[in-house]
Amino acid sequence: FVQMMNDKAKELGCLNTHFMNPHGLDHKEHYTTAYDLAQIARAAIQYPIFRKISGSRNYEMPTTNLCDETRWISNTHRMIKKTIPYDGVFAGKTGYTDIARTTLVTCAERNGLTLICVLMKVSTGDQAYVDAANLLDFGFNNFSAYNITAEDIVIEPTFPSLFEGQETILSEEKEMLVHVNKGKLVLPFTASYEDAVRNVTLTPISQFVEGENVIGKITYTYGDKEVGSANILYNYKKSAEKLNTPTPSSPTSEDNTSSKEEEKSDFRPIIIGILIAVFVLCIGMYLIVIEIPYQKKRAAYEARKRNRNKQREG
């Protein structure tokens, strides 16, 4: 499991992290950095279940086969517990050992801007929250987030050769076919969107799969630092529908005709069954409402008639 942790850390872009255990207690070969913890936190908050768990003030643990009492688990992050209120905090993690001292990771979001604050080796817990609030204030008071949209895509002559016509793909319905994932560009208040340098890298693809295909990337830099990026996505299924071309799961026009006929024929037994049921119901209602009462009246009339005849004969 620890090896999986180390592999995942490298995958997330951690540069100076090495795990020796899953609980975080002191070990001379167990270490990380503030940058790497931010990388890990950024990946974790992509999962809604993590946001729910980390952002919960407390949790009621039900009874188990080893404990017949309900137990309460309380979040130790004071900004999440609201004992130290801070607007926008939605996740975080506390930590403390004698060697590492107080560590604190705090995630907050305002006006579409998400910030991750990491503090390590703070002398006291109280000071950690003061520092976290100051750092988050600096971020929210000096930076803005901009959404990266399909309009930012600038098509170069190196557009993937698998597309037969740029005019079709980049039509007025471009955003349905070629779009970007939820990328953001973060800039200081002193800069504008146009100040960032945009670079579009397109990746030639030999074959598409149905659904979303990553065909490139948009990257923004400002002052020689990357300040935002987003993948360029191409929806092959939607494009095939627009171009009236079959996909692996889309039947041809002949198949559509035959399938429609089959669908119609499939409904015939149901319709026949409904008609039979209605007919039987009508017959039943006729017998109950008309025929049976009539037969009873008829039998009563015949009985009275026989009685009268007998009286006359007598």
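Preceding this paragraph is the structure being described.
What you see is a predicted model, and the numbers here were worked out from it, not measured in a lab.

### Focus on the overall build of the chain
Alright, step 1. From N to C terminus, the chain includes nine helices and 11 strands.
Alright, step 2. Burial status across the chain gives 28% buried among its 314 residues.
Alright, step 3. A separation of at least 24 residues holds for 50% of the contacts in the chain among residues at least 6 apart in sequence.
Alright, step 4. Put simply, the chain shows about 21700 Å² of open surface, and 56% of that area lies on carbon and sulfur atoms.

### Some points on the sheet that holds strand β3 (residues 89–97)
Sheet strands associate in pairs through backbone hydrogen bonding, adopting either a parallel or an antiparallel arrangement.
Alright, step 1. With antiparallel pairing, three strands are arranged side by side in an open sheet as β3-β4-β5. In this open sheet, the two edge strands, each paired with only one partner strand, are β3 and β5 (113–122). In this sheet, neighbouring strand axes are inclined to one another by 5° on average, regardless of whether the strands run parallel or antiparallel.
Alright, step 2. Where β3 meets strand β4 (residues 101–110), eight bridges bridge the pair, whose relative direction is antiparallel. Pairing of G92 across the sheet is with T106, part of β4.
Alright, step 3. Sheet strands touched by helix α2 (residues 34–44): β4 and β5. Its angle to β5, the strand with the most contacts, is close to 140°.
Alright, step 4. Lying on the sheet, helix α5 (residues 125–142) is in contact with β3, β4 and β5; it crosses β5 at an angle near 150°.

### Observations regarding the packing of aromatic side chains
Alright, step 1. A full pass over the atoms with the stated rule returns three aromatic pairs.
Alright, step 2. Look at Y193 and Y220: their rings are 5.8 Å apart centre to centre, the planes differ by 55°, and that puts the pair in the tilted class. Highlighted residues: Y193 in the loop between β8 (184–188) and β9 (197–202) and Y220 in strand β10 (residues 212–222), separated in sequence by 27 residues.
Alright, step 3. The class of Y220 is buried, set by a relative accessible area of 2%.
Alright, step 4. In this structure an aromatic cluster arises from ring pairing among Y146, Y193 and Y220.

### Here's the deal with helix α1 (residues 2–11)
Alright, step 1. Those residues of α1 that sit buried are M5, N6 and A9. Seen end-on, α1 carries its buried residues on one side only, within an arc spanning 95°. Turned more than 90 degrees off the buried face of α1, the exposed positions are Q3, M4, K10 and E11.
Alright, step 2. Phi turns positive one or two residues past the end of α1, at G13, with a value near 95°.

Criteria and cut-off values
Residues numbered from 1 in each chain as written. Predicted model: local features only at pLDDT ≥ 70, side-chain atom pairs only at ≥ 80, totals over all residues. Heavy atoms only, no water. Helix = DSSP H or I, 4+ residues; strand = E, 2+ residues; numbered from the N terminus. Buried < 20%, exposed > 50% of the residue type's maximum accessible area, 1.4 Å probe, protein only. Contact = heavy atoms within 4.5 Å. Areas by Shrake-Rupley, 256 points an atom, 1.4 Å probe, with all protein chains shown as cover. Pairing = 2+ DSSP bridges. Axes fitted to C-alpha atoms, helices over the stretch in contact; angles between N-to-C directions. Phe/Tyr/Trp six-rings, centres within 6.5 Å; stacked < 30°, edge-to-face > 60°. Arc of directions from axis to C-beta.

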